Amino acid sequence: MLSGSAVGGLVVAACVPGTGVVESSSSLATSSTVPVADGPVDVEIAMRAISDRVEIRPGIETDVWRLVAEVTAGDAAAVQPVDGSYLGPTLRLRQGQRVRIVFDNEIPDETIVHWHGLDVPEDMDGHPRFAVPEGGRYEYEFTVVNRAGTYWYHPHPHGRTGPQVYAGMAGLLLVGDEEEDALSLPGGEFEIPMVLQDRTFDGDRLVYLPNGMMDQMMGFLGDEILVNGRPDAAFPVASRSYRLRILNGSNARIYKLGWDDGTPLVVLATDGGLLESPATRPYVTLGPAERVDLWVDFEAESIGTTRRLVSLPFEAPQMMGGMMGPDSLIPNGAAFDVASFAVDRDAASTDPLPGRLSNPGFSSVEAAVNPDAARTIVLAMARGSWTLNGRTFQMTEVSPEETVRFGTTEVWEFFNAGGGMGGMGGGMGGGGMQEGLAHPMHMHGQQFQVLERSIDDAGRAAWETVREGYVDEGWKDTVLVMPGERVRILRRFTGFPGLFLYHCHILEHEDMGMMRNFRIATA
Ligand code: C2O
Ligand code: CU
Ligand code: CU
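Keep in mind that this is a model prediction, so the values were computed, not measured. Along each chain, numbering runs from 1 in the same order as the chain's sequence is written. Chain letters and ligand numbers both follow the written order, the letters beginning at A and the numbers at 1. Predicted model: local features are reported for residues with pLDDT of at least 70 only, side-chain atom pairs are reported and counted for 80 or more only, and whole-chain, interface and lining totals are derived from all residues. Note that the side-chain values use all heavy atoms of the structure and ignore hydrogens as well as water.

**Q** Give a description of the coordination of the copper ion (ligand 3) that names residues and reports values.
**A** Around the copper ion (ligand 3), the donor atoms from the protein are His439 (ND1), Cys504 (SG) and His509 (ND1), and they sit 2.0 to 2.1 Å away. Counted as donors are the N, O and S atoms within 2.8 Å of the metal, or 3.2 Å for Na, K and Ca, while water is not among the atoms, so some sites may look incomplete. Taken in chain order, the donor set of the copper ion (ligand 3) reads H-x64-C-x4-H. Taken together, the residues span a long stretch of sequence, with histidine 439 in strand β30 (residues 439-443) and cysteine 504 in strand β34 (residues 498-504) at a distance of 65 residues. Comparing histidine 439 with cysteine 504 shows no difference in burial state: the two are buried. Helix numbering and strand numbering both begin at the N terminus, where a helix is a DSSP run of H or I of at least 4 residues and a strand a DSSP run of E of at least 2. The classification of residues rests on relative accessible area computed with a 1.4 Å probe and restricted to protein chains. Under 20% of the type maximum is buried, over 50% is exposed, and intermediate values are partly exposed.

**Q** Talk me through the sheet that holds strand β10 (residues 149-155); I want residue IDs and the actual numbers.
**A** Note: two strands are recorded as paired if DSSP finds a minimum of 2 bridges between them. The five strands lie next to each other as β5-β6-β11-β10-β8, forming an open sheet whose pairing is mixed. The sheet is open, and its two borders are formed by β5 (79-80) and β8 (113-116), each paired with just one other strand. Pairing analysis gives two bridges linking β5 to strand β6 (residues 90-94), with the strands arranged antiparallel. Looking across to β6, one finds that glutamine 80 is bridged to threonine 90.

**Q** Can you break down the pairing of strand β9 (residues 137-143) residue by residue, with the values?
**A** Judged by how many residues are buried, β9 sits mostly within the fold: five of seven residues are covered. The pairing of strand β7 (residues 98-105) with β9 spans seven bridges and is classified as antiparallel. In the sheet register, aspartate 104 faces β9, and the bridge partner there is arginine 137.

**Q** Quick one: what's the story with the pattern of salt bridges, residue by residue and with numbers?
**A** A pairing counts as a salt bridge when a side-chain nitrogen of Lys or Arg comes within 4 Å of a carboxyl oxygen of Asp or Glu. Throughout the structure, instances matching the rule amount to 44 salt bridges. Here glutamate 179 and arginine 147 are joined by a salt bridge, their closest N and O atoms 3.6 Å apart. Pair noted here: glutamate 179 is in helix α2 (residues 178-181) and arginine 147 is in the loop between β9 and β10, with a separation of 32 residues, a long-range link. Given a relative accessible area of 15%, arginine 147 falls into the buried group. The shortest N-O distance in the salt bridge between aspartate 293 and arginine 245 comes to 3.2 Å. With aspartate 293 in strand β23 (residues 291-297) and arginine 245 in strand β18 (residues 241-248), this residue pair connects regions lying 48 residues apart in the sequence. Summarising the burial analysis for this pair, aspartate 293 and arginine 245 share the class buried. Several salt bridges share partner residues, and in doing so they unite Arg92, Glu180, Glu191, Arg243, Arg245 and Asp293 into one network.

**Q** An account of the coordination of the copper ion (ligand 2) is requested, with residue identities and associated values reported.
**A** Here the copper ion (ligand 2) is held by His114 (NE2) and His442 (NE2), and the distances to it run 1.9 Å. You can see histidine 114 sitting in strand β8 and its partner histidine 442 sitting in strand β30, a full 328 residues away along the chain. Across the pair, histidine 442 and histidine 114 agree in class, each one buried.

**Q** Explain the sheet that holds strand β15 (residues 224-227) residue by residue, including any values.
**A** Across the sheet, seven strands lie side by side as β16-β15-β12-β18-β23-β20-β21; this open sheet has mixed pairing. The strands lining the two open edges of the sheet, one partner per strand, are β16 (230-231) and β21 (273-281). With five bridges joining them, strand β20 (residues 265-270) and β21 adopt antiparallel strand pairing. Within the sheet, the bridge partner assigned to valine 266 lies in β21 and is threonine 280.

**Q** Explain the pairing of strand β24 (residues 306-311) to me, and be specific about the residues and the numbers.
**A** When a strand is regular, its side chains alternate between the sheet's two faces. Relative to β24, strand β19 (residues 255-259) is paired through three bridges, and the arrangement is antiparallel. Along β24, the bridge assignment pairs tryptophan 259 with leucine 309. Here β24 pairs with strand β25 (residues 336-345) via six bridges, running antiparallel. Note on β25: the bridge partner recorded for threonine 306 is alanine 342.

**Q** Kindly report on unusual backbone geometry, identifying the contributing residues and their values.
**A** Phi angles above zero are rare outside glycine, and alanine 289 is one such case at about 80°. On the secondary structure map, alanine 289 appears in the loop between β22 (284-286) and β23. The buried category is assigned to alanine 289, whose relative accessible area is 0%. One non-glycine residue, arginine 383, lies in the positive phi region at around 50°. One can find arginine 383 in the loop between β26 (375-382) and β27 (385-388). What makes arginine 383 exposed here is its relative accessible area of 62%.

Interpretation in functional terms is not warranted from these geometric data alone.
Okay, here's the thing in structure tokens:
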């Protein structure tokens, strides 16, 4: 578990690269069987994790860790750098492509890269048991089986994911396919990828204050909002339609996205790609790791008009009556600006909004082996940690209740029991208080469907301030579960057998062990 260094009662910043205050990580035995990669592939990429300095704020170079990459063979368009950003390049892959990625770790910490949302064999998934030390290499090779969508990649070493993502290690991974090609959605300069993150700065350093229990419990919130690694995001646009491809790449922050003028949001896609048809929402609630593609039309706007994408206020779940919380300048649930879009030119043409987008190929609940008896995962505090069914992560441990049969489809239910839960084994709130935090629950491997949600009475007031922003009609790999909420999902286990992860994607929760393995067993 990650913790700050206490000096005379003060907690000092730890694990910010370049400061020399990087705390040692337990050197886990790296039992990584490096797969032998040979044979032809469609694209070969050399990726490195490096220490670097990037001008994030004007005139100030900040120490970061980042992922850099280049194409070494095949499709040269597969790697697109994000200029002036610490973000890793945007990887543009196609469904059906065979991809080889040779990853070299050049940071003074162990790490491994995970392809979030992609369905790949277990030894290609970036499980923490495959983390490599500084100087280590890991070779990935897999076929892109996913449909077109907005995916991403980030490190996944146990206990170190939060600080490494925060230090800059993450990038978008956009998959295309023929179904999407046939649509003529806004592309090229009319497609704007947006990675939303929050960071706190101190001079030329990023400040990540794992205040022991406190920030681990609450999740770390930064003081400034960055889009694609830049503050004060402003996009000049033409008077036409655009596709915004938005990733919440924050460690712990929830966004309630809306337009400042109250225009409803038009949603094209979720985590696992295009919806069947566009969906309209007054706002979109986006937990950490969730993605949403929005369609926005500036055609009716005159040149000189500016529209702002904002995060609207909501009732943030809290701990101990709000007495316990991170001291960000922007608390969870506060209103803030995300980005502005200034119409500065006419457009020669535009792309109309298609009435139908895709055939998602959903399953029906009857396909499940347990349609009426969901496999339930309780999210709760126990013995001073966030837990899944009372358990925390052990590198290769998996319980019988976490073992599913390859080839089946199951109903799972995530139940957020809140933070008090005296009955769950000594929660912090004590006294069975109905409070807690929202947990964005992520499953590795295939995408899932959200079947239904319900909320208990104690959680209802906060839930009412975010629930209209859920987009549950698309494929998901991460789903926000508010305190008191039950979310039932339908998940296929028909991809690859093996040991995979499910966890809360608040990275401080993941790092403290709110993560478990599940096994897809063939026998
Ligand atoms: Cu985005 Cu297990 O991770
Ligand atoms: Cu993932
Ligand atoms: Cu959590």
